[in-house]
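# Inside the fold
Residue strings, one per chain:
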Amino acid sequence: MLKAYKVRIYPNQGQIELMEKHFGCVRHVYNWGLELKKKHHEETGKSLSRANVQSLMVQSKKQDKSWLKEVNSQSLLASLLNLDTAFQNFFKGLAKFPRFKSKYESTQSFQCPQHVKVDFETKRLYLPKFADGIKAKFHQHFEGKIKTVTIKRRPSGKYYASILVEQEAPDVKAVPITKEQTLGLDLGLTHFLIDSEGEKVNNPRFLKRSLNKLEVAQKILARKAKGSKNRQKQKKKVATIHEKVANTRLDFLHKVSARLVFKNHATSFALEDLNIKGMVKNRKLARVITDVSWGKFVELLRYKSVWHGKHVLKIGRFEASSKVCNPCGHKLDTLPLSIRVWDCPNCSAALDRDINAAKNIRDIALADALGHSVCVKSSPEAISISVGASAKEINRSGSQESLADLVAQPEVCSQIV
C-alpha cells in the first residue's frame, strides 16, 4: 500500500537557493523535452520515446548545459517521466495536450525518487545535494520504504515535502452490505451533508467568511507597482489568505469524513454521482459549489472507507431522488429548488426534501448493490408481471411499504425482470 505524508519543512537560506535551482532546472528539462518531442513529431510524424529524450539530455548535460550538474540528476529524470505520463494521459483522453511550465506559476516543485532518508529524532529530511538535511516538522512516525519525495513551494512562500511511503497493507476484511448498516448521504449547499437518519451538517462557507479580508488585500495589491518588492510582499499576503481558507476547508472535510467512517453502525455509504463540472458553469452558484468541495469530500470518504473495510456506493446522477416520496414511491412531475418541505399527494406524508432524498439515495444504491435495481427504479404505478403461464399484479401505488422494505424482499424483486 502506498501512503503519502505531507510535512512542513524549514530550509535555511542556502537550502532555499539550492531548491530554487532545482525548480528552474526541472522546469527547463520538462519544457526542453516537450519542445523536442513536438518538433520530432512534426518533422518525422513519429513519437520520440522517453529513453531517447533521456539520452539526448545526458549528451546536452555534458556539452552545453553543464549547469544541470548542480542539481540532483534523478530529479531531472523524474521530470522527463512526468512529461511522458502527461503524453500518455493525453492520448488516453484523460487530459489536455501538455503545456509548457512557467517560472511565474504559483506552485513550483521537484521530485527526489532515490537516496532519501528521514531522521525522526533530529527532525530532519535528507535529500541528495542537501548534505546537512532540511529541518522538518513530523506530526507522526511512519515505517516503510520511501518511494519518492516531492518538494513544493506554495504561493505563500512556505515549503512542504510530500513523502510517498510503501507500507504493508493492513489485513482488513470487507464487511457485507446490509440495509440496516447503509447510510444515505445527500450533499447540498445550505447544509453540506444530510444523511438518511436525519442528521444535518451545516455548510461552513469558508471562502465567504474571508471575502471581506480578501477584497481589502487584493485592492492593496492592485495599487502596488508591477515588479516592485512591495507588490511581491502583498502578493504573498493574498496567497496566505487563500491558503488558510484551503487548509480550514480540508480540515473540515477530513473531520466529517472520519466521523462517518468511525460510525460503528454504518458500514456502507450511498452518494449521488454529481456532475460537478457541469454545475460550476452556473455563474450564480459556481463560487458556492467550488467552496463546498464535494469532489474532495467523496475522495476522502472513499479511501478512508477502504482502509476500514467499508463501502462507498454511488447512484446515477439522473435518478429522481428528491421528488420521489420514500414511504410510498409516488413521483412528482416537478419540484422547484425553493421548496424544501412538501406533502405527498398520495400518502399525505410531510417530507423534508433533503432527508427524503438521502433515504431514496440509500434505497436505490442498495438496490444496485444487491441486484434489485429494477424493483426500486420501476414506476410507482401498478406493475404487471408475467411469470410463465400465470400473471401476478403488484400495485405499489397504494402500498405503504418503503423502498428499503421492498429491497429486502427478494421474492418480490426476483419477479420483476
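Residues numbered from 1 in each chain as written. Predicted model: local features only at pLDDT ≥ 70, side-chain atom pairs only at ≥ 80, totals over all residues. Heavy atoms only, no water.

### Considering the environment of Leu68
How we decide: A run of H or I in DSSP counts as a helix once it spans at least four residues, and a run of E counts as a strand once it spans at least two, with each numbered from the N terminus. The cut-offs for exposure are 20% and 50% of the maximum accessible area for each residue type, with area from a 1.4 Å probe on protein chains only; residues under the lower value are buried, those over the upper are exposed, and the others partly exposed. Contacts are assigned to residue pairs with any non-hydrogen atoms lying within 4.5 Å of each other.
With respect to the secondary-structure elements, Leu68 resides in the loop between helix 2 (50-63) and helix 3 (73-91). Here Leu68 falls in the buried class, since its relative accessible area comes to 1%. A sequence separation of 40 residues divides Leu68 from His28, and the C-alpha atoms of the two residues are 9.6 Å apart. Residues contacting Leu68, with those up to four places away along its chain left out, are Cys25, Val29, Lys61 and Leu76.

### Let's talk about the side chain of Ser210
On the secondary structure map, Ser210 appears in the loop between helix 4 (206-209) and helix 5 (211-223). When neighbours within four sequence positions are excluded, Ser210 is seen to be in contact with Ile241 and Val245.

### Quick notes on the pattern of salt bridges
Using the following cut-off: By definition, a salt bridge exists where a carboxyl oxygen of Asp or Glu is found within 4 Å of a side-chain nitrogen of Lys or Arg.
In this structure the tally under the stated criterion is 16 salt bridges. In this structure, the salt-bridge partner of Glu166 is Lys147, at a minimum N-O distance of 4.0 Å. Of the two residues, Glu166 is situated in strand 7 (residues 159-166) and Lys147 in strand 6 (residues 145-153); the sequence distance between them amounts to 19 residues. Relative accessible area serves as the criterion here: at 37%, Glu166 is assigned to the partly exposed category. The shortest N-O distance in the salt bridge between Glu199 and Lys263 comes to 3.3 Å. Residue Glu199 is found in the loop between strand 9 (191-195) and strand 10 (200-202), and its partner Lys263 is found in the loop between helix 6 (229-261) and strand 11 (268-272); the two are separated by 64 residues along the sequence. Since its relative accessible area comes to 15%, Lys263 is described here as buried.

### Details of empty space enclosed by the protein
To be explicit about the condition: Only protein atoms enter the calculation, which uses a 1 Å grid: trapped sets of points that fit a 1.4 Å probe without letting it out are cavities, open sets showing protein on both sides within 12 Å along at least five of seven lines are pockets, and any residue with an atom within 4 Å of a point is a lining residue. Grid points are joined across faces, edges and corners, and a volume is the space filled by probe spheres set on the points.
Taken as a whole and judged by the stated rule, the model has 4 cavities of 30 Å³ or more. In this structure, the largest cavity spans a volume of roughly 80 Å³. In this structure, the largest cavity is lined by Leu193, Ile194, Asp195, Glu199, Lys200, Val201, Val256, Arg259, Leu260 and Lys263.

### Structural notes on the sheet that holds strand 8 (residues 182-187)
Whenever strands of a sheet pair, they do so through backbone hydrogen bonds, lying parallel or antiparallel. The criterion, for reference: Strands were regarded as paired on the criterion that DSSP finds at least two bridges between them. Helix axes are fitted only over the stretch in contact, all axes being lines through C-alpha atoms; the angle between N-to-C directions runs from 0 to 180 degrees.
Sheet architecture is open: 5 strands sit in the order 10-9-8-11-12, paired in mixed fashion. Looking at strand neighbours, the two that pair on one side only are strand 10 and strand 12 (311-315), the edges of this open sheet. If you compare each strand with its neighbour and ignore which way they point, the axes differ by 25° on average. On top of the sheet, helix 6 reaches strand 8, strand 9, strand 10 and strand 11; it is set at about 5° to strand 9, its chief contact.

### Overview of a nonpolar patch on the surface
Operational definition: What makes a patch is a set of residues exposed beyond 30% relative accessible area and free of salt bridges, joined within 9 Å when like-charged and within 5 Å when nonpolar (Val, Leu, Ile, Met, Phe, Trp, Tyr). For accessible areas, the Shrake-Rupley method is used with a probe of radius 1.4 Å. Any residue's cover is judged against the shown protein chains and nothing else.
Taken together, the side chains of Met1, Val306 and Trp307 define a hydrophobic patch exposed on the protein surface, amounting to about 260 Å² of accessible area. Within the secondary structure, Val306 is located in helix 9 (residues 294-307).

### A short note on the packing of helix 1 (residues 13-44) against helix 3
Axes are the key here: two packed helices are described by the angle between their axes and the distance separating the axes. Applied cut-off: Oblique is the label for any angle not covered by the other classes, which are roughly parallel (under 35 degrees), roughly antiparallel (over 145) and roughly perpendicular (65 to 115). By definition, any crossing whose near helix is turned counterclockwise from its far helix by less than a right angle is left-handed, and any crossing with a clockwise turn is right-handed. Under the scheme applied here, ten amino acids are nonpolar (Ala, Val, Leu, Ile, Met, Phe, Trp, Tyr, Cys and Pro), four are charged (Asp, Glu, Lys and Arg), and all others, including Gly, are polar.
Viewed as axis vectors pointing N to C, helix 1 and helix 3 meet at an angle of 40°, and their least axial separation amounts to 9 Å. Classed by the angle they form, the pair helix 1 and helix 3 counts as oblique. Crossing geometry of helix 1 relative to helix 3 is assigned as right-handed. Residues His22, Cys25, Val26, Val29, Tyr30, Gly33, Leu34 and Lys37 of helix 1 form the contact with helix 3, whose own contacting residues are Ser75, Leu76, Ser79, Leu80, Asn82, Leu83, Ala86 and Phe87. Among the residues forming the contact of helix 1 with helix 3, the class breakdown is 10 nonpolar, 5 polar and 1 charged.

### Examining helix 3
So the rule is basically this: Helix span, expected: 1.5 Å multiplied by one less than the number of residues in the helix. Within 3.5 Å is the distance limit for a polar contact, defined as a pair of N or O atoms, with the added protein rule that one can donate a hydrogen and the other accept it, and that residues adjacent in sequence qualify only through two side-chain atoms.
Between its first and last C-alpha atoms helix 3 spans 28 Å; for 19 residues at 1.5 Å apiece the expected length is 27 Å, and the two agree. Of all the residues in helix 3, the buried ones are Ser75, Leu76, Ala78, Ser79, Leu80, Leu83, Asp84, Ala86 and Phe87. Looking at the buried residues of helix 3, the elements they touch are helix 1, helix 2 and strand 2 (108-112). Where helix 3 begins, the capping side chain belongs to Asn72, and its oxygen is found 3.3 Å from the backbone nitrogen of Gln74. Positive backbone phi, approximately 80°, marks Gly93, located one or two places after helix 3.

### Some words on the state of the cysteines
The criterion, for reference: By definition, disulfides here are pairs of cysteine sulfur atoms that lie within 2.5 Å.
Counted according to the given criterion, the structure contains 0 disulfides. With no disulfide of its own, Cys325 lies closest to Cys328 among cysteine sulfurs, the gap being 3.6 Å. Take Cys325: its relative accessible area is 0%, and that puts it in the buried class. Between Cys347, a cysteine without a disulfide, and Cys328, which holds the nearest cysteine sulfur, the sulfur-to-sulfur distance is 3.7 Å.

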